[in-house]
Amino acid sequence: MAYSSRGAGGRSTSRGGGRSSYSAPRGGGGNNAMPAVIAGVVILVVVVVAVVVLGGKKSKPAELPPAPPPVVQPAPVVIKKGPELGPRPNLPADIIARAKAMMPRIETASAEGKRLGDEAVKAKQGGDQETWQAKLEEAREVFKSARDEWISIEDELATFLERNPSQGWDENMLMDAFLKGESRKVQQLIDEPLSGMAKSGRGH
């Protein structure tokens with residue numbers, strides 16, 4: 001008798017005899033993936049919130065201190081130079097000697113003029129207008145006489161400088177160079193009292 005594969009021994013006892021007997025429960029793989037997805041979303045939200053919060057709390061940059069005011073440099077001082085002087089003229093010795101010899105005469109005239117001036121003031125205070133005017137005029141003449149003598153020295157300086165010119169020099173500079181002390185004495189003893197007497201006698 002021929003062997004048949006369809007016999008009880010050659011046929012599988014079940015339809016699914018060639019399949020695996022284990023079958024995974026449906027939906028099992030999906031249940032395991034969902035927590036991971038949710039955790040990822042939560043982490044992403046936390047990161048976004050943290051970025052937003054940290055970004056909003058950024059400290060403002062410190063304000064820079066105000067810039068110091070600009071330093072204004074003073075304008076340079078320009079000193080104007082006078083004209084260059086030539087060599088100092090050498091004043092003759094005889095003029096210097098005569099100017100110095102005149103000083104006792106200046107001192108005497110000053111004392112005499114002041115005495116007459118004091119007498120004129122007393123006459124004015126006593127109501128004697130005639131004596132006041134006469135004494136005042138005498139005092140002026142004494143001062144003027146001494147002043148004229150000194151003017152002769154000044155004229156000699158001017159004449160000398162005309163004959164011996166030097167760049168930038170004039171009579172006053174020459175006087176200061178050689179006769180400054182004598183010139184100052186004449187001003188104090190003669191010029192100032194004479195000027196004061198002219199003011200006091202004005203209008204009389």
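The model shown is predicted, which means the values in this text are computed figures rather than measured ones.

**Observations regarding the overall build of the chain**
When you go through the chain residue by residue, the secondary structure sums to six helices and zero strands. Put simply, the chain runs from its N terminus to its C terminus through helices and strands in the order α-α-α-α-α-α. The burial tally for the chain puts 21% of its 204 residues in the buried class. When contacts within the chain are restricted to residue pairs at least 6 apart in sequence, long-range pairs at least 24 apart make up 78% of them. For the chain, the exposed area adds up to about 15,900 Å²; of that, 57% sits on carbon and sulfur atoms.

**Considering helix α2 (residues 93-101)**
Listing the buried residues of α2 in full gives I95, I96 and A99. The buried side chains of α2 occupy one side of the element, clustering within an arc of 100° when seen end-on. Those residues of α2 that are exposed and aimed more than 90 degrees away from the buried face are A93 and A101.

**Examining the side chain of R147**
Along the polypeptide, R147 turns up in helix α4 (residues 129-163). Within the structure, the side chain of R147 is placed 2.5 Å from the side chain of D191, a separation counted as a polar contact.

**Overview of the pattern of salt bridges**
Evaluated as defined, the whole model comprises 11 salt bridges. Of the charged contacts, one joins E107 and K185 as a salt bridge, the two residues approaching to 3.1 Å between their closest N and O atoms. Of the two residues, E107 sits in helix α3 (residues 103-125) while K185 sits in helix α6 (residues 180-200), which places them 78 residues apart along the sequence. In this structure, the salt-bridge partner of R115 is E112, at a minimum N-O distance of 2.6 Å. Of this pair, R115 and E112 both sit in helix α3, three residues apart, which is roughly one turn of that helix. By relative accessible area, which is 38% here, R115 ends up partly exposed. The exposure class assigned to E112 is partly exposed, which follows from its relative accessible area of 30%.

**Topic: the packing of α4 against helix α5 (residues 171-178)**
Running from amino to carboxyl end, α4 crosses α5 at an angle of 110°, the nearest separation of the two axes being 9 Å. Taken together, the axis directions place α4 and α5 in an arrangement best described as roughly perpendicular. For the element pair α4 and α5, the recorded crossing hand is right-handed. Across the interface between the two elements, W150, E154, L157, A158, F160 and L161 from α4 touch E171, L174 and M175 from α5. Here the contact of α4 with α5 is composed, by residue class, of seven nonpolar, no polar and two charged.

**Comments concerning the environment of V121**
Looking at the element boundaries, V121 is found in helix α3. Overall, V121 belongs to the partly exposed group, its relative accessible area being 41%. Residues V121 and T131, spaced 10 residues apart in sequence, show a C-alpha to C-alpha distance of 9.5 Å.

**Notes on the nonpolar core**
Grouped together as the largest cluster of nonpolar side chains are 30 residues, with contacts concentrated most on L91, W150, I153, L157, L174 and L179. If one sorts the elements of this core by residue count, α4 sits on top with 10 residues. Not counting residues within four places of it along the chain, the set of residues in contact with I153 comprises I95, R98, A99, M102 and L179.

**Considerations on the packing of α2 against α4**
The relative placement of two packed helices is expressed as an angle between their axes plus a distance between the axes. The geometry of α2 relative to α4 is characterised by a closest axis approach of 10 Å and an angle of 165° between their N-to-C directions. Taken together, the axes of α2 and α4 lie roughly antiparallel to each other. Seen along the crossing, α2 lies across α4 with a hand that is left-handed. Seen from α2, the contacting residues are I95, R98 and A99; seen from α4, they are W150, I153, E156 and L157. Broken down by class, the residue content of the contact of α2 with α4 amounts to five nonpolar, no polar and two charged.

Quick notes on the rules
Residues numbered from 1 in each chain as written. Predicted model: local features only at pLDDT ≥ 70, side-chain atom pairs only at ≥ 80, totals over all residues. Heavy atoms only, no water. Helix = DSSP H or I, 4+ residues; strand = E, 2+ residues; numbered from the N terminus. Buried < 20%, exposed > 50% of the residue type's maximum accessible area, 1.4 Å probe, protein only. Contact = heavy atoms within 4.5 Å. Areas by Shrake-Rupley, 256 points an atom, 1.4 Å probe, with all protein chains shown as cover. Arc of directions from axis to C-beta. Polar contact = N/O pair within 3.5 Å; in protein donor to acceptor, adjacent residues only side chain to side chain. Salt bridge = Lys/Arg side-chain N within 4 Å of Asp/Glu carboxyl O. Axes fitted to C-alpha atoms, helices over the stretch in contact; angles between N-to-C directions. Parallel < 35°, antiparallel > 145°, perpendicular 65-115°, else oblique. Left-handed = near helix turned anticlockwise from the far one by under 90°. Nonpolar A, V, L, I, M, F, W, Y, C, P; charged D, E, K, R; others polar. Core = buried A, V, L, I, M, F, W, Y, C linked by side-chain atoms within 4.5 Å.

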